[in-house]
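Structure assessment
Read off the chains here:
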Amino acid sequence: MRAIALLSLVSLPLSAAAEPAPSPEEILAAHVDVLETQGKDPLAFVRQRLDEVDLILFDDAWHPVVEPFDFYQALLRDPASRERLDFVFVEAFAVNHQPTLDRFFAAPQENVHLLAPMLQDDLSGHGWALATYVDLLRTVYRVNAELPAGQRLRVVAVNDPVYWSALETPEDLAIFRQSLVGNDYGMYRKILASMEDFESGKKGIFLTNTRHAYKGIRGANGRLFWNCGTFFAQWHPGRTSSIRFHHLMLTIRKEVDPGDQATSTAGLERYDYRFERVAGGLWDEAFAVHGNRPVAFDLDGTPFGALPYAGNHMHQAAPGQTLLDANDS
């Protein structure tokens, strides 16, 4: 009897270890189930979130993507959404060009040529040549034209100031790029000041990408990588929400020696990186099964949120980081 009992005890962990892993079909079905049972109309989802928090950080995944800007414009045109909003904060625009934005919105007629100085003077030095941003500002202009002065949306530039005329040598450029180390904290402080430390009751959206929107990614040493979204999430819990658009995901394999390659403000020449389909295309497949209908949902408790973290810190991140550590929804 004693030998039989011992054999039974030994066999328990072996049985547990032999449990089959979910099949690809089962994994896909679990993702589709989230879309079907938890997916909500994106505009309604954002309106509800704005009732719950003061600031939504929108992670467009990759600046050249078109679909997020289609959504932003739909959001601003929707009266029920617009009446909840006071500010549109834009990462791409340098704070010293706030007067440029103000002149555009104050003009008696829509004139996109007024935006040229701001679009020429971006941090990269190459200009901001994305029509999606111009389309967004034109939409705000037209929305504001139908509103009383006290209800108009305020577009706020929050990126570090750019004074290219003051940079005359390679050393000047290197010092300018070094100064950007505090850019995320600067954006955080500018947004917080506009919203009067969340004591004004005003609401806003921050249009940015993954680099500035994640809320709590930790390094291998256990310490947080601090960015604009992390400052808000850690220091003002419950006041903000980070929402990611489903699109390509930045995947960094390792750091590399750029050699003689020209340096850039973004610094991507220092990495072996790709923009790849999320989970090898699994998300795309799940949305296709669901009819590619736009939906929004929270990541917590879903296989979407359990996806291993990928992004600009992934080569240095602590094990076990997930997309839920980066975004809320």
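As the structure is a prediction and not an experimental result, all values here were calculated from the model.

Assigned secondary structure in the chain consists of 14 helices and seven strands. The principal-axis extent of the C-alpha atoms belonging to the chain is close to 95 × 50 × 35 Å. Counting the 329 residues in the chain, one finds 45% classified as buried. A sequence separation of at least 24 residues applies to 73% of the contacts in the chain between residues at least 6 apart. About 17,000 Å² of surface is accessible on the chain, with carbon and sulfur atoms providing 54% of the total. Across the chain, the centroid of the 29 positively charged side chains sits 3 Å from that of the 43 negatively charged ones.

Turning our eyes to something else, we now look at helix α2 (residues 24–38). End to end, α2 covers 21 Å across 15 residues, agreeing with the expected 21 Å (1.5 Å per residue, within 8%). Among the residues of α2, Leu28, His31, Val32, Val34 and Leu35 are the ones counted as buried. All buried residues of α2 fall inside an arc of 145° around its axis, so they share one side. Opposite the packed face of α2, turned more than 90 degrees from it, sit the exposed residues Glu25, Glu36 and Thr37. In this fold, the buried residues of α2 make contact with α13 (282–289).

Judged by pairing direction, the sheet is parallel, and its five strands sit side by side in the order β3-β2-β4-β1-β5 without closing on themselves. For this open sheet the edge positions go to β3 (154–159) and β5 (240–244), each flanked by a neighbour on one side alone. Strand after strand, the sheet turns through a mean of 25° between neighbouring axes, direction not considered. Inspection of the sheet shows strand β2 (residues 87–94) paired to strand β4 (residues 204–208) by four bridges, in the parallel sense. Bridge pairing in β4 places Phe87 opposite Gly204. Strand contacts of helix α3 (residues 42–52): β1 (55–59), β4 and β5, with the helix running at about 140° to β1, the strand carrying the most contacts. Against the sheet, helix α6 (residues 98–106) makes contact with β2 and β3, and its axis sits at roughly 160° relative to β3, the strand it touches most.

Turning to the side chain of His31, a few remarks are in order. Inspection of the secondary structure puts His31 in helix α2. When residues no more than four places from it in sequence are discounted, the contact partners of His31 are Leu282, Trp283, Ala286, Pro303 and Phe304.

Our next topic: the nonpolar core. Counting 38 residues, the largest nonpolar core has Phe58 and Phe93 as the members making the most contacts within it. For this core, the leading source of residues is helix α8 (residues 131–145), giving seven residues. Beyond its immediate chain neighbours, meaning those up to four positions away, Phe58 contacts Val46, Phe71, Tyr72, Leu75, Ile205, Phe206, Leu207, Thr208, Asn209, Ile243 and Phe245. The next biggest cluster of nonpolar side chains, apart from the first, holds 23 residues, and it includes Leu28, Val34, Leu35 and Leu323.

Attention now moves to the layout of surface pockets. Of the volumes computed, that of the second largest pocket is approximately 790 Å³. The wall of the second largest pocket is formed by 28 residues, among which Arg244, Phe245, His246, Phe287 and Val295 lie closest to the centre. Going through the elements one at a time, α3, α4 (67–77), β5 and α13 are the ones with two or more residues in the lining of the second largest pocket.

Here we take up the side chain of Asn227. Topologically, Asn227 is positioned in the loop between α11 (210–213) and α12 (228–235). In terms of polar contacts, Asn227 uses its side chain to reach the backbone carbonyl oxygen of His212, at 3.3 Å. There is a polar contact of 2.7 Å between the side chain of Asn227 and the side chain of Thr230.

On to α3, then. Of the residues making up α3, those classed as buried are Pro42, Phe45, Val46, Arg49 and Leu50. Down the axis of α3, the buried side of the element spans an arc of 135°, and every buried residue falls inside it. Next to the buried residues of α3 lie β1, α4, β4 and β5. For α3, the N-terminal capping position is held by Asp41, with its side-chain oxygen 3.2 Å away from the main-chain nitrogen of Leu43.

Basis of the calculations
Residue numbers restart at each chain and count upward from 1, following the sequence in its written direction. Local features in a predicted model are, by the rule used here, given only for residues with pLDDT of at least 70; side-chain atom pairs are given and counted only at 80 or more, and totals for whole chains, interfaces and linings are based on all residues. Water and hydrogen atoms were dropped before computing side-chain values, which therefore reflect all heavy atoms in the structure. A run of DSSP states H or I qualifies as a helix once it reaches four residues; a run of E qualifies as a strand once it reaches two. Both are numbered from the N-terminal end. For each residue, the accessible area found with a 1.4 Å probe, counting protein chains only, is set against the maximum for its type, and the residue is called buried under 20%, exposed over 50%, and partly exposed in between. By definition, residues are in contact when any of their heavy atoms lie within 4.5 Å. For the accessible areas, the method is Shrake-Rupley and the probe is 1.4 Å, while residue cover comes only from the protein chains on display. The positive count covers Lys and Arg only, the negative count covers Asp and Glu only, and His and the chain ends enter neither. Taken as the charge location is NZ of Lys, CZ of Arg, CG of Asp or CD of Glu. Expected helix span is taken as 1.5 Å per residue step, with the number of steps being one fewer than the number of residues. Here the arc refers to the set of directions running from the helix axis out to each C-beta atom. Pairing between strands is defined by DSSP: at least two bridges between them are needed. Axes here refer to lines fitted to C-alpha atoms; in helices the fit is confined to the stretch in contact. Angles between the N-to-C directions go from 0 to 180 degrees. Put simply, a nonpolar core is a bunch of buried Ala, Val, Leu, Ile, Met, Phe, Trp, Tyr and Cys residues held in one set by side-chain atoms that sit within 4.5 Å of each other. Grid spacing is 1 Å over the protein atoms alone, the probe is 1.4 Å, and a cavity is where that probe fits but cannot get out, while a pocket is an open set with protein on both sides within 12 Å along at least five of seven lines and lining residues have an atom within 4 Å of a point. Grid points are joined across faces, edges and corners, and a volume is the space filled by probe spheres set on the points. Any pair of N or O atoms that falls within 3.5 Å is considered a polar contact. Within protein, one atom must be able to donate a hydrogen and the other to accept it, and sequence-neighbouring residues count only if both atoms are side-chain atoms.

Function cannot be inferred from these measures alone, as they are strictly geometric.
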